[in-house]
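Topology and contacts: notes
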Amino acid sequence: MTQSPKTPLLDKVPYPADLRKLDDRDLPQLAREVRDEMIDAVSRTGGHLGAGLGVVELTIAIHSVFNTPEDRLIFDVGHQCYPHKILTGRRDRIRTLRQEGGLSGFTRRAESEYDPFGAAHSSTSISAGLGMAVASDLDKTDRRVIAVIGDGALSAGMAYEALNNAGALDARLIVILNDNDMSIAPPTGAMSAYLARLASGRTYMGFRDFGKKLTAYLGKNVDRAITRAVEHARGYVTGGTMFEEMGFYHIGPIDGHSFEHLLPVLRNVRDNANGPVLIHVVTQKGKGYAPAEAAADKYHGVNKFDVITGAQAKVKPNAPSYTSVFAEALVQEAEHDDKIVGITAAMPNGTGLDKLASVFPSRCFDVGIAEQHAVTFAAGLAAEGFKPFAALYSTFLQRAYDQVVHDVAIQGLPVRFPIDRAGFVGADGPTHAGSFDTTFLATLPGFVVMAAADEAELKHMVRTAAAYDAGPISFRYPRGEGVGIEMPVRGEILQIGKGRVVKEGAKVALLSFGTRLADCLLAAEDLDAAGLSTTVADARFAKPLDHDLIRQLARHHEILITVEEGAVGGFGSQVMQFLAMDGLLDNGLKIRSLVMPDIWVEQAKPEVMNAHAGLDRAGIVSTVFKALGRPAAFGVGAAG
Ligand SMILES: Cc1ncc(C[n+]2csc(CCOP(=O)(O)OP(=O)(O)O)c2C)c(N)n1
Ligand SMILES: CC(=O)[C@@H](O)[C@H](O)COP(=O)(O)O
Ligand SMILES: [Mg+2]
C-alpha cells in the first residue's frame, strides 16, 4: 500500500461522538478501515504494532458504548493506543508518531482530553482507574471509568494491589482484561496459565444466557447482598474465579474481536454495573495483519516496514549493539562460573538474556513484568551464594528502588545490575529514558556504580561484576550499537574505583562517565585546535569515585567539565560534592556539569527524539567557550 488507504467510513468519524452515531452493523467495516490506517501509518513511522491490532474492535466498542471523554478510558502501558488515537481526533497526526514534536507512542494527558492518564510503564491502569472511579463517586457523578489491561501487565504486583483495593471499595470500576496470551515474549508465570484455563475452560457465554445472568446479578432492583451470597455459594459449588473472590464481577471470557459479544456486554455493564466488574476478553495480538499474526513476537515493536510483504527496514548496524555485547559476555562468564544466573522482567530479548537462556535454560529466569520481585528474587539467590545478574532497563529499574535499597544495599548482597537503555532512548521518549539510575544508585552506601564508555569497556565490566562479591554492583550502557572498537577475547577485571586518562592535555579537563567519552574526544580535537589543550578522562565509576584522578584534574586544569547521560544528582553531582568537600574549589577552578536536560523528565514538553541535546561534541565545546567567556564565534568547527 503506497498511498494512504481508502477509509470512507473512518473519514466520517473523527471523534467518538461521531462514531456513536453509527449503526452497529457498520462497525466491522470501521474496524477494517482503522486497521488499514494503522498498518499504513506504522509502516511509515515504526513503533508498536501488534498490540494495537489486537484491540481495534475493543477500542471501537468502548468508544461506541461509553461517553468518552466524560467516561474515562485508560490503557495500560499505552502501546496499544494507536486505534484509540486514530478515533479520538488525532488521525491527522498519526504519521507523526514517536517523532520530535509529534504524537507520543503512548497515552499522554498533555496530548488529548481522551487520554485521562499517561502510561508507558505497565500495570498502572487499575490503580489510576480506581482513583478516578472513587473521585467520580465522591463527586456524585455517574461517570464510568474503564481500565484496559493486558495479560502481561497483569503479572505485575501493582495490578493486584489495585484489584485488592477495588474489590474492597466496591468501586464502580470496569476493568477489561485484554488476554492475548502474549507479553512482549510469550507470557510466563502461574497467572498466564490460570488465564489460559479460564479462556479455554469456560466456554464463551452465548450473550443471551449471559445477558440473563448478568441482569440477574447487576439488575438495579436486586439486593446486592443477596446476589453476592448467591454468587458466593455458586462459587463454592462451581469455583468462582480469582477475580470474583477479590470482589469483582467476572464476565467472560468473551471474544474480543466480536461486536456481537462486546456490544451487549459493555452496554449491560454500562447500564447496570454498580460495583467493580472485570470483563475478560480474548484477543489475538497482531490480529488482521498476516505478517504480524505469523511473527513470534506478533510485531510487538517494529521498524518501518513494507506493508505488502511485512519486511522491516533493516537498520544496518556499524557495530554490535551494547545489548548483544552484554549478552555474549555474560554467557562467556557463565561458562566459567556456574553460580552465575540471569533474571529478566519480561524482557528476555530486549535485555539479551534470551541468549543466556538458550545456553543455560536452568540458569535464566523470566519473572514476568515484575521488577520489584526480580530484584528481591535476585537478593535471595545472592544470599545463597549465587551470582545473579538482574538485567533491567534503567527506566524499569525505577519501579524496584525500595527493593534495591532495602533488600540488596542495606544487606550488602552481591546482586549484579546490568542496566540497559541508560540515557537517551529515542522514540519511546521521556517515559523510557534512562535518566535517573546513576542518581538513585550512587547515593546508596556500599554500591559500586559503573558506566561503560564503549563496548570493550562493557565486556570488562561484565567480567568485573562477575568477579565482585563484596556487595551490589551496577553497570550502565545505552540503547543501540557501540562505536565499533576492537574487542578483547575476554573482559579484564577492572580495579574498583579507578578511572583512566584517555588523552593528556593541560587547560581543560573533560571527565566522562559512560558513552559520551567518544564525543569528549571529538570535542577535545576542536578545543586543542582552538589552543585549549584538553585532557579527556573516563571515570568508569560514579561510586566509589576515583579521588586521585579528580584531584589531579582539578589541580592541573583551569576548567573541569563532567559529562554523563543522566539527570542532575548523578555522576556530576558526586564529583562536585567531592571537590567542595576536598577544598578543591578554592583555587578558582571553573566547574561545569553536562547532564540530560529536564525535557526528559517533564512529560508536558514535546518529546525530543534521538537527540543528545547538548551532550555531544558541539555542546561540550560551547560549554567550554561559555565557561571561558569566549563567544562561540571563536569556536572552531563545532559541528557534531
Ligand atoms: C514496568 C514495565 N516493565 C516492562 C515494560 C515493557 N513492556 C511493554 S509492553 C510489555 C508487554 C505487555 O504485555 P500485555 O500487557 O499483555 O500487552 P500486549 O502487548 O499483549 O497487548 C512489556 C513487558 C513496561 N512497559 N513497563
Ligand atoms: C512498550 C514498551 O515499554 C517496550 O516495548 C519498549 O518500548 C521496548 O523498548 P526497546 O525498543 O528499547 O526494547
Ligand atoms: Mg498480552
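Residues numbered from 1 in each chain as written. Chains lettered and ligands numbered in written order. Predicted model: local features only at pLDDT ≥ 70, side-chain atom pairs only at ≥ 80, totals over all residues. Heavy atoms only, no water.

**Comments concerning the coordination of the magnesium ion (ligand 3)**
The line we're drawing: With water excluded from the atoms, a metal site may look incomplete; its donors are any N, O or S atoms within 2.8 Å, or within 3.2 Å for Na, K and Ca. Each helix is a run of DSSP H or I of at least 4 residues and each strand a run of E of at least 2, with the numbering of both proceeding from the N terminus. Exposure classes here rest on a 1.4 Å probe applied to the protein chains alone. A residue is buried below 20% of its type maximum, exposed above 50%, and partly exposed in between.
Bound to the magnesium ion (ligand 3) on the protein side are D151 (OD), N180 (OD1) and M182 (O), at distances that span 2.0 to 2.2 Å. Expressed as a motif, the donor residue spacing for the magnesium ion (ligand 3) is D-x28-N-x1-M. Here D151 is found in the loop between β3 (145–150) and α7 (157–169), whereas its partner M182 is found in the loop between β4 (173–179) and α8 (190–201), with 31 residues between them in sequence. The class of D151 is buried, set by a relative accessible area of 5%. According to the relative accessible area criterion, M182 is buried, its value standing at 9%.

**Topic: the UniProt feature "binding site: Mg(2+)" (unreviewed entry) in the chain**
Quick reminder of the rule: UniProt positions are given in the numbering used here, feature names are shortened, and annotations may be inferred rather than shown by experiment. For this analysis, residues touch if any pair of their heavy atoms sits within 4.5 Å.
In the numbering used here, UniProt assigns the "binding site: Mg(2+)" (unreviewed entry) feature to D151 and N180. A maximum C-alpha distance of 6.9 Å among these annotated residues, which run over 30 residues, shows that they cluster at one spot. Excluding anything up to four places from it in sequence, D151 contacts L177, N178, D179, N180, D181, M182, P187 and L195. Take N180: it is sitting in the loop between β4 and α8. Classification of N180 as buried rests on a relative accessible area of 12%.

**Brief notes about the site of ligand 2**
Where we set the bar: Distances are taken per atom, and a residue is near a molecule or strand as soon as one of its heavy atoms is within 4 Å of it. A 3.5 Å cut-off defines polar contacts: any pair of N or O atoms within that distance qualifies, except that in protein one atom must be a possible hydrogen donor and the other a possible acceptor, and neighbouring residues in sequence count only when both atoms are side-chain atoms. Note that accessible areas follow from Shrake-Rupley with a 1.4 Å probe, and for residues the cover is restricted to the protein chains shown. Domain start and stop positions are those given by an automatic or database domain assignment.
Taken together, H48, F106, I184, H300, Y393, F396, R421, D428, H432 and R479 make up the full set of residues near ligand 2. One nitrogen or oxygen atom from the side chain of Y393 is found 2.6 Å from an oxygen atom belonging to ligand 2. For ligand 2, whose accessible area on its own is 360 Å², the fraction buried by protein is 85%. Three or more residues apiece are contributed to the shell around ligand 2 by two domains, here domain 1 (10–294) and domain 2 (322–476).

**What to know about helix α14 (residues 322–336)**
Side chains three or four residues apart in an α-helix point the same way, a direct result of the helix having 3.6 residues per turn. Applicable threshold: An expected span of 1.5 Å times one less than the residue number is assigned to each helix.
Here α14 is 15 residues long and its end C-alpha atoms lie 21 Å apart, about the 21 Å a rise of 1.5 Å per residue gives. For α14, the tally of buried residues reaches 12 of 15 residues, placing the bulk of the element in the interior.

**A short note on the sheet that holds strand β18 (residues 559–564)**
As a reminder of what qualifies: Strand pairing requires that DSSP identify at least two bridges connecting the strands. With axes taken as lines fitted to C-alpha atoms, and helix axes fitted only over the stretch in contact, angles between N-to-C directions fall between 0 and 180 degrees.
One open sheet accounts for 5 strands, arranged β14-β16-β15-β18-β19; its pairing is mixed. Every other strand in the sheet has two partners, leaving β14 (500–503) and β19 (590–594) as the edge strands with one partner each. For this sheet, the mean inter-axis angle between neighbouring strands, taken without regard to orientation, is 25°. Relative to strand β16 (residues 534–538), strand β15 (residues 508–513) is paired through 5 bridges, and the arrangement is parallel. Across the sheet, the residue bridging to S512 is D538, located in β16. The sheet strands contacting helix α23 (residues 547–556) are β14, β15, β16 and β18, and the helix crosses β15 at an angle near 155°. Seen against the sheet, helix α25 (residues 617–627) touches β15, β18 and β19 and runs at an angle of roughly 150° to β19.

**A few points about the site of ligand 1**
Around ligand 1, 22 residues are found, and the nearest of them are H79, A120, G152, K285 and E371. One of the side-chain N or O atoms of K285 is found 2.6 Å from an oxygen atom in ligand 1. E371 has a polar side-chain atom sitting 2.7 Å from a nitrogen atom of ligand 1. Burial of ligand 1 by the protein chains amounts to 97% of its free accessible area of 580 Å².

**Topic: the UniProt feature "binding site: thiamine diphosphate" (unreviewed entry) in the chain**
UniProt feature "binding site: thiamine diphosphate" (unreviewed entry): in the numbering of this structure it lies at H79, A120, H121, S122, G152, A153, N180, Y289 and E371. The greatest C-alpha distance among the annotated residues, which extend across 293 residues, is 31.9 Å, indicating that they are dispersed rather than converging on a single site. Mapped onto the secondary structure, H79 falls in the loop between β2 (72–75) and α5 (82–86). Contacts of H79, omitting those with residues within four sequence positions, involve H48, A51, G105, F106 and H300. Looking at where H121 falls in the secondary structure, it is placed in the loop between α5 and α6 (125–138). Residue classification places H121 among the buried positions, given a relative accessible area of 17%. Each residue touching H121, except ones within four places of it in the same chain, is listed here: V77, T395, F396, Q398, R399 and T431. A polar side-chain atom of H121 sits 2.8 Å from a polar atom in the side chain of T395.

**A few points about the packing of α23 against helix α24 (residues 571–581)**
Operational definition: Oblique is the label for every angle not falling under 35 degrees (roughly parallel), over 145 degrees (roughly antiparallel), or within 65 to 115 degrees (roughly perpendicular). Here the nonpolar group is Ala, Val, Leu, Ile, Met, Phe, Trp, Tyr, Cys and Pro; Asp, Glu, Lys and Arg are the charged ones; every other residue, Gly included, is treated as polar.
Running from N to C, α23 and α24 cross one another at 70°; their axes reach a closest spacing of 11 Å. With respect to α24, the element α23 is oriented roughly perpendicular. Facing α23, whose interface residues are H547, I550, R551 and A554, α24 presents V575, F578 and L579. Counted by class, the contact of α23 with α24 contains 5 nonpolar, 1 polar and 1 charged residues.

**Quick look at the packing of helix α2 (residues 27–45) against helix α4 (residues 56–65)**
The relative placement of two packed helices comes down to the angle between their axes together with the axis-to-axis distance. Quick note on the threshold: Less than a right angle of anticlockwise turn of the near helix away from the far helix marks a crossing as left-handed, whereas a clockwise turn marks it as right-handed.
In contact at an axis separation of 9 Å, α2 and α4 are set at 125° when each is read in the N-to-C sense. By the criterion of interaxial angle, the relationship of α2 to α4 is oblique. Taken as a pair, α2 and α4 cross one another with a handedness that is right-handed. Facing L27, L30, A31, V34 and R35 of α2, the residues of α4 in contact are V56, E57, I60 and S64. Residue composition of the contact of α2 with α4, grouped by class: 6 nonpolar, 1 polar and 2 charged.

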